[in-house]
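Coordinates in review
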Amino acid sequence: VPESLGGVLTSKATVTQMIIAEELAYGDLGMAVALLAPTSALNAITQFGTAGQQEQYIPSFLDEQKPISAVIAVNEPSALFDPFQLSTKAVKKGNNYIINGVKASVPLVNSSELFLIAAEIEGKGPAIFIVESSQAGVSVASQNAMGLRPAALGNITLANVEVSEEARLGGDSFDYATMISYVRLGWCSLAIGTARAILDQVIPYANERIAFGEPISNRQSVAFMIANIRIELDTMQILTQRAAALAEQGKPFQKEAYLAAVSCQERAMDIGNDGVQLFGGLGFMRDYPAERWYRDIRAVSWCFNGMHL
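Residues numbered from 1 in each chain as written. Predicted model: local features only at pLDDT ≥ 70, side-chain atom pairs only at ≥ 80, totals over all residues. Heavy atoms only, no water.

Structural notes on the overall build of the protein chain
- What the protein chain contains, in helices and strands, is eight helices and nine strands.
- In terms of overall dimensions, the protein chain is globule-like: its C-alpha atoms have a radius of gyration of 21 Å, near the 19 Å expected for 309 residues.
- Restricting to contacts in the protein chain with at least 6 residues of sequence separation, those with at least 24 account for 74%.
- Here the protein chain displays about 14,300 Å² of accessible surface, and carbon together with sulfur accounts for 52% of that area. (Helix = DSSP H or I, 4+ residues; strand = E, 2+ residues; numbered from the N terminus. Rg over C-alpha atoms; globule rule 2.2 N^0.38 Å. Contact = heavy atoms within 4.5 Å. Areas by Shrake-Rupley, 256 points an atom, 1.4 Å probe, with all protein chains shown as cover.)

Structure (structure tokens):
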């Protein structure tokens, strides 16, 4: 939050935020999502909100005694989900909007007080609406997700939820495509952090695990697999850092963010799978983190389209 809005930020810090996301995911991707979800909503209001929205909501985030919990909800329960083709609709009714739809895999769904809901406005395209969880027509349900357990994912159902025109984030000037690009950068950073954790664990394991009288790292198939993880990780890092640097400088970065997302989406899955393979039978056991990495990092393949961050 910049100083002008009651925070301490003196300059744009996209690169720093991405480094923080990466380091948190290095420890646990699910916990990183839980920690960063409210920050992502705050970032959206700070960067894209109108003066009235900033004045109304930002002080609640800065309350040290009881900061408000809020999340962005873009994903929907549909195959091949496209964040620019939303099934959730917002229909104009006088000075209000009526919202109907379902949002899926929303973090902290049961504890959040504020939802930033993505919905399609006929003739205007996608928009974000600020909806309070206590509002009539809003209901939530937990999901028993395979991964990201600490993030407490769930669904939001919106049935004829009526919000005022002032609840539309940023009004007519809101840049939805840029927000989705920031989402993609956030998920790239999370994927990189988890991939780094995998690499840092499989190298010593491969050197110490003895099979047939020698470390398994002496086998070419194992050595090449580990080398490929490092190559893929470097590619993910370079593409993400380039896009984040452009974003911090205020330059166009949507193309670079998309390329980074495509790279991370494909390579993160491969790295998670290789991590389980390199641990062998132990990779299937919950005594070791490989199976959690695999479950968590699978989320990267669908969260890039716009869950949050």
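Regarding the pairing of strand β4 (residues 114-121)
- In terms of residue burial, β4 counts as a mostly covered element, since eight of its eight residues are buried.
- The two faces of β4 match: L114, L116, A118 and E120 on one face and F115, I117, A119 and I121 on the other face are all buried.
- For strand β1 (residues 70-73) and β4, the ladder comprises four bridges, and the chain directions are parallel. Looking at the pairing, A73 lines up with I117 of β4.
- Relative to β4, strand β2 (residues 89-93) is paired through two bridges, and the arrangement is parallel. What sits directly across from A90, in β4, is I121.
- One ladder, built from eight bridges, connects β4 with strand β5 (residues 125-132); its direction is antiparallel. What sits directly across from I117, in β5, is F129. (Buried < 20%, exposed > 50% of the residue type's maximum accessible area, 1.4 Å probe, protein only. Pairing = 2+ DSSP bridges.)

Description of the side chain of Q54
- Summarising the element assignment, Q54 is placed in helix α3 (residues 51-61).
- Side-chain polar atoms of Q54 contact the backbone oxygen of G49, separated by 3.3 Å.
- Setting aside residues up to four positions removed in sequence, Q54 forms contacts with L5, I45, T46, G49 and P59. (Polar contact = N/O pair within 3.5 Å; in protein donor to acceptor, adjacent residues only side chain to side chain.)

Looking at the environment of E22
- Relative to the helices and strands, E22 resides in helix α1 (residues 14-27).
- C-alpha of E22 to C-alpha of R196: the two residues are 174 residues apart in sequence and 8.9 Å apart in space.
- Those residues in contact with E22 that sit more than four places away from it in its chain are S189, I192, G193, R196 and Q237.

What to know about the pattern of salt bridges
- According to the stated counting rule, one finds 10 salt bridges in the structure shown.
- A salt bridge links R196 to E23, with the shortest nitrogen-to-oxygen separation between them at 2.9 Å. You can see R196 sitting in helix α4 (residues 176-208) and its partner E23 sitting in helix α1, a full 173 residues away along the chain.
- Take R196: its relative accessible area is 18%, and that puts it in the buried class.
- The network of salt bridges with shared partners includes E22, E23 and R196. (Salt bridge = Lys/Arg side-chain N within 4 Å of Asp/Glu carboxyl O.)

Here we look at the nonpolar core
- Within the largest apolar cluster, 43 residues are counted, with the highest numbers of intra-cluster contacts made by V33, L148, W187, L190, V202, I226 and M236.
- Within the residue set of this core, elements represented by two or more residues are α1, α2 (29-48), α4, α5 (220-248), α6 (254-279) and α7 (290-297).
- A per-element tally of this core places α4 first, with 13 residues.
- Not counting residues up to four positions away in its chain, the partners in contact with V202 are I226, I229, G275, L278 and F279.
- Counting residues in each nonpolar core, the second largest holds 33 residues, with L42, A44, F61 and F81 among its members. (Core = buried A, V, L, I, M, F, W, Y, C linked by side-chain atoms within 4.5 Å.)

Regarding the confidence of the model for the protein chain
- For the protein chain, per-residue confidence averages 92 on the pLDDT scale, and 97% of positions sit at 70 or higher.
- Of the regions scoring below 50 in pLDDT, residues 305-309 engages in 36 contacts with residues more than four places distant in sequence or in other chains. (pLDDT = per-residue confidence, 0-100.)

Focus on the packing of aromatic side chains
- Counting across every chain of the model gives eight aromatic pairs.
- The interplanar angle of 70° and the centroid separation of 6.3 Å between the aromatic rings of F174 and Y176 together place this pair among those described as edge-to-face. This pair shows no difference in class: F174 is buried, exactly as Y176 is.
- Both rings, one in F279 and one in Y288, keep their centres 6.3 Å apart while their planes meet at 45°; by these two values the pair is tilted.
- Exposure remark for Y288: the relative accessible area of 33% places this residue in the partly exposed category. (Phe/Tyr/Trp six-rings, centres within 6.5 Å; stacked < 30°, edge-to-face > 60°.)

Thoughts on unusual backbone geometry
- Positive phi values are uncommon outside glycine, yet L148 reaches one of about 55°.
- Mapped onto the secondary structure, L148 falls in the loop between β6 (138-142) and β7 (154-164).
- Unlike most non-glycine residues, F212 shows phi in positive territory, near 55°.
- Considering the arrangement of structural elements, one finds F212 in the loop between β8 (210-211) and β9 (214-215).
- The class of F212 is exposed, set by a relative accessible area of 80%.

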